[in-house]
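# Commentary on secondary and tertiary structure
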Amino acid sequence: MTRTTEEIARFCEDVYYDLDFREAKRSKAEMGGFAIGFMPVYAPREIVHAAGALPVGIVGAGDWLEVIRGDAYYQSYLCHIPRSTIDMAESGRLDFLDGMLFPSTCDVIRNLSGMWQLVKPETYVRYVDVPQNFDDGVGGDFWEHELRTLGKELGELTGTAVTDERLRASIALFNENRSAVNEMYALRRDEPNRAPTSEVYLITRVGFVMDVEEHTQLVREYIAAARAKSPTELDNARVVVCGAFCEQPPIGLLKTIERSGCFVVDDDMLLTTRWFTEDAAETGDPFRALAHAFVHHTVPTAVMYAPEAGRGKALVSRVREARAEGVIFAAPSFCIPALLDQPMLTAELDRQEIPYTSFKYSENAGQFHPIREQTGTFADTMKLWSVA
Amino acid sequence: MTSIPPPPPPGSARRTVETDPREVEKDRSMALQKELIGGYYERLSKCAETGEKTVATFVPGNLTELIHCFDLVPILPEINALQSGMRKRSGAFINEAERMGHSEDVCTYVKCDIGMFHDGNIGPTGLPLPIPDHLLLSYTGCFTFMKWFELLREEFDRPSTMLQVPYQARGEITPEMKSYVVKQLETTVIPELEKLSGVKFDIDRLREKLELSRRAEDDLVAVLEAAKNRPSPIDSYFGGVYYIGPIFTAFRGTEEGCEYYRILREEVEARVTAMRGPMTPEGEMKEERFRLVVEGPPNWTNFREFWKMFYDEGAVVVASTYTKVGGLYDRGFRHDPADPLGSLAEYCLGCYTNLSLPKRVELISDYIEEYGADGFLINSVKSCASFSAGQLLILREVEKRTGRAGGFIESDLVDPRYFSGANIKNRIESYLQMVEQKRSAGVTA
Amino acid sequence: MITAGGMDVGAAAVKAAIVRTDNKGGDELLAGQVQRIRRRDPKAVIRETWNAALEEAGLPESEIEYVATTGDGELVDFRRGHFYSMTTHARGAKFLIPETTLVLDAGALHARAIHIDARAKPLGYRMTSQCASGSGQFLENIARYLGVALDEVGELSLKSRNPEMVSSICAVLSETDVINMVSRGIATSDILKGIHLSMAGRFARLVRALSDDGMLTFTGGLSADVGLVEATREELDKTGVTIEVRTHPKSILAGAIGAALWGAFRHEKLLAKAG
Ligand code: SF4
Ligand code: SF4
């Protein structure tokens, strides 16, 4: 029985709203009983997988968890994702995780790795310190060693050693998954009326709680269903959403952007699923392959150092590739890397005369009226007043 | 993030002239420090004429000795920002940056610096600052650093070099972390500085400088540890930010720096012998009523007002974490002429903001015990997630471990909009009452 | 010539318009329909309103080259494009009264003043805050309490001799005020005028924040309330600005008309792009 895109999206939405992580627990059981959580932006999921554990993306609790305990941990001037995350930990929702990975995204997540050690002393915690030096022999070597250590520790935890063979197999699976997700993104870029972002997002997102092979299948199923349907032509403005790489915009916000007359044709949400711009090699030393892919084929994002000036150029080429008419900067309130990055990006957009608008959100925002107004007028500006 | 002696307050507002410690006691160390800093800013202002080249860098993980090996002059944007804060100029700079599109939510040091640049780039002493010839991004303990220099690079298009310093997530420095930093020094930092200066790297020259660093570090530790005495001869936070000034900045590994710490140590040891309390802007603190440990940076825009809230109550800070952002010397680290690059790497790795949260809890708890503190206070600054994210947990954990009362106040570094004097004063007063109660309860128990 | 349709889906009513235009100023309204939703399935109301408009225009659906929505447009599954209500009301007002420089869109849930240029491009706007007392919903509640049909409210208000001012700007308190007025025997027309003046006072503040001269056109659900329009005129006059206040019998259709006209504009642009 084939499902429609709407049906697939509805299934994903249920998974998305499920704070009991039933899908993850099911996949964990099927994989052999281990699950390791990771936070944004990037985590080497291949290693986790090769150790026989399910990598589970923990990206906050959105707008459907009333955060009670989390606010006791954080001052008002810090973003929301760490509060909902620690709240989930405190209320036992994350007890099914056998460990947590905290990538070097920003000081907030960095410090959360230490808080976890204090709050959940019984779980495995590792800070994933990604390289900011992109020489194979320097940053590459360091990262390779980090990956090996992670592999060794996870192997000890699960009892399944991360052998080269296992890791190569995992790399292949994640390469495949990335290529499926990229294909879905390309479809959305070319025919956004077939694959709206509010669906594409959910399809991508469930990959955070699902076995990778199953997810690849799901993405393919969605692509096929999207290709098969006969959608109405929509004359929307094409935009790139930028800055939403960590704390996630609630799904209602994405729908709001679409309802206001925009097609989101590229974005930086859930970036870890599309981190490498070229596949990691499936032959040779697999740790080396992952390290190599990282230092050479990492997607440009605010949390990665740019050795040369001109940070905005990468965004401009994304805009061009996606044939977008404008950029919506949507950053979490108090998101340090996104907000520090923005002036560099807008400066370049100004030079290229690419229109943009920006707002901040919080994962638990429930009121989108002002945003609808802002993106609505922005869309109209592009459609009615732009010279193009 | 760090500190340096503040310039004298603007002439008009000097009601405390007679009671300024520098005037009252005329400590030689203070005069010397004033001279050092003044000379430093003067030197910077003349770089255009002298042809001296400059390298901007950050206090945590600064490589001052190495920079000096190439006859380059370091510029420290954090220091410029905090100095602007003390001179009440930061508010306007921050406004300027926000007007240009910088978010209200990000570190005010960055905005202060960028605003200053756009406002003519006049440094804290009123002399012009040069545009740095190179940005040496010592990426230690703070993610904002990276964005800060990327932003500057967009402003004035100078090359940048990244020195990534891995985070001590498990509270230890592994051999791989160290060798990663050393490798970057060898393959990137040194070649870049050679290229910039035209000076060939001479490791023996570096060794000499590190020997000077080591000596000054010994003296600094003696000064800080003098606070274990009762009464404490120093305030390790409000006074401490003065003491760390030279060594955290351009004077580590210099003869002048060494001299400063030698003299400072003598002065402090003399105070210990004389059983004298710490100096404040209004003279010597007579009665030591509370001994506190403080976590978090101070507020700079209202530094003296803030300090007064403590000494008026007889509260002296006996140890602080902020004075460790440029190195945890009191925990044993020394620059080592025998292992020049290795010890520079360890230095970078060991700064306070590069410590894991559990390590910070441990350090604060240890300070409380070692320095016989009655309690500890956290000043949580809005700007700095590196410090602030997790401080509420630190508060609870340290209370749990030490049984001592913890206090929590909020302010900002250089954004005057976030300093609510009345509020903070209230909090401090009621906190000290609590300490008092706890203490007497402890005595009767 | 391009034939285009516009659907304005509001909280209380669905409006449909069909226009024919050369996109050079030769705009013609072929049909305009309004239906209140009244707890019906909005999608059904949309269909009905649209069909009625097609019938009025005497056109088969296939001849409509572009259907644009405004308001809750996602409910219209035969739409091609969507525009924000500010953009469409501006355009609709300009169509109805070409001299328009200011638009006051007063609907069921909010009111918004818009300053526009000669191309109907919004230059700036001001909105009432969340509070309900500037909205149609509020007026409807009062009318219901007074036992007056909504479309009689305007005429009654015009008859007032001694408007009884409400003391509060808060909707809830105003309603209490009105209850007291009724028990004090105040004439219904005076109560209504008082309410109108209170709302008009807020509108005038929005408008004056944008401009102190020009031509103000009412649009939206309340544009048919002549009492409210008159009260707004009075309030603006009081402040000494030279703003002429107008409404149009078809003002309620402004959003739908604007959507249709902008749709036609987009249609031509897309055709040109496609070569
Ligand atoms: S939302 Fe931004 S500031 Fe917050 S944890 Fe994520 S990256 Fe860090
Ligand atoms: S965030 Fe903190 S450590 Fe980083 S630059 Fe700002 S004040 Fe300094």
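Note: the structure precedes this text.
Keep in mind it's a predicted model, so treat the numbers as computed, not measured. Residue positions within a chain follow its written sequence, with the count starting from 1. Here chains are named by letter from A upward and ligands by number from 1 upward, in the order in which they appear as written. Two thresholds apply to this predicted model, a pLDDT of at least 70 for residue-level local features and 80 or more for giving and counting side-chain atom pairs, whereas whole-chain, interface and lining totals are computed over all residues. Side-chain metrics in this entry use all non-hydrogen atoms of the structure; hydrogen atoms and water are not considered.

## Focus: the site of ligand 1
All names here are of chain A. Summary of the distance rule: residues count as near a molecule or strand when at least one heavy atom falls within 4 Å of that molecule or strand. Close contacts around ligand 1 come from 13 residues, with Cys79, Cys106, Cys246, Cys335 and Ile336 the closest. Starting at the N terminus, helices and strands are each numbered in turn, a helix being any DSSP run of H or I of at least four residues and a strand any DSSP run of E of at least two. Only helix 5 (107–119) and helix 13 (336–352) provide two or more residues apiece to the shell around ligand 1. Of the residues contributing to the shell around ligand 1, the split by class is 11 nonpolar, one polar and one charged. Put simply, Ala, Val, Leu, Ile, Met, Phe, Trp, Tyr, Cys and Pro go in the nonpolar bin, Asp, Glu, Lys and Arg in the charged bin, and everything else, Gly too, in the polar bin.

## Here we look at the interface of chain B and chain A
Across the contact, 55 residues belong to chain B and 56 residues belong to chain A. Between chain B and chain A lies a buried interface of about 4600 Å² when both sides are counted; carbon and sulfur atoms form 59% of it. When a carboxyl oxygen of Asp or Glu is within 4 Å of a side-chain nitrogen of Lys or Arg, the pair counts as a salt bridge. Joining chain B to chain A, the criterion identifies six salt bridges. Notably, a salt bridge pairs A:Lys360 with B:Glu104, separated by 3.2 Å at the nearest N-O pair. Distance and chemistry together define a polar contact, namely a pair of N or O atoms within 3.5 Å, with one atom able to donate a hydrogen and the other to accept it when in protein, and with adjacent residues in sequence counting only for side-chain atoms on both sides. Applying the counting criterion to the chain B and chain A interface returns 33 residue pairs in polar contact (both at pLDDT 80 or more). Of the residues forming the side of chain B that touches chain A, the biggest block, seven residues, is contributed by helix 8 (residues 144–156) of chain B. For the side of chain B that touches chain A, the residue count by class is 22 nonpolar, 17 polar and 16 charged. Contacts are assigned to residue pairs with any non-hydrogen atoms lying within 4.5 Å of each other. Here the buried area means the combined drop in accessible surface, using a 1.4 Å probe, for two parts upon being joined, counting both sides.

## Observations regarding the interface of chain A and chain C
The interface is formed by 17 residues belonging to chain A together with 26 residues belonging to chain C. Here chain A and chain C share an interface that buries about 2000 Å² over both sides, 49% of which is from carbon and sulfur atoms. The salt bridge involving A:Asp235 is made with C:Arg266; its shortest N-O contact spans 2.9 Å. The interface formed by chain A and chain C contains 14 residue pairs in polar contact (both at pLDDT 80 or more). Along the lines of polarity and charge, the residues of the side of chain A that touches chain C split into four nonpolar, six polar and seven charged.

## Some points on the nonpolar core
In terms of nonpolar packing, the biggest core is built from 277 residues, with A:Trp275, B:Leu66, B:Tyr109, B:Trp300, B:Phe306 and B:Phe310 touching the most fellow members. Among residues more than four places away in sequence, those in contact with B:Leu66 are B:Leu185, B:Val189, B:Ile190, B:Leu193, B:Phe201, B:Leu206 and B:Leu344. Counting 33 residues, the second-largest nonpolar core is a separate cluster that includes C:Leu104, C:Ala143, C:Val153 and C:Met199. Side-chain atoms within 4.5 Å link the members of a nonpolar core, which is a set of buried Ala, Val, Leu, Ile, Met, Phe, Trp, Tyr and Cys residues. Relative accessibility decides the category of a residue: with a 1.4 Å probe and only protein chains considered, values under 20% of the type maximum give buried, values over 50% give exposed, and everything between is partly exposed.

## Details of the arrangement of the chains
Across the two pairs of chains in contact, the largest number of contacts is found between chains A and B. Chain B makes no contact with chain C; the smallest distance between any of their C-alpha atoms is 20 Å.

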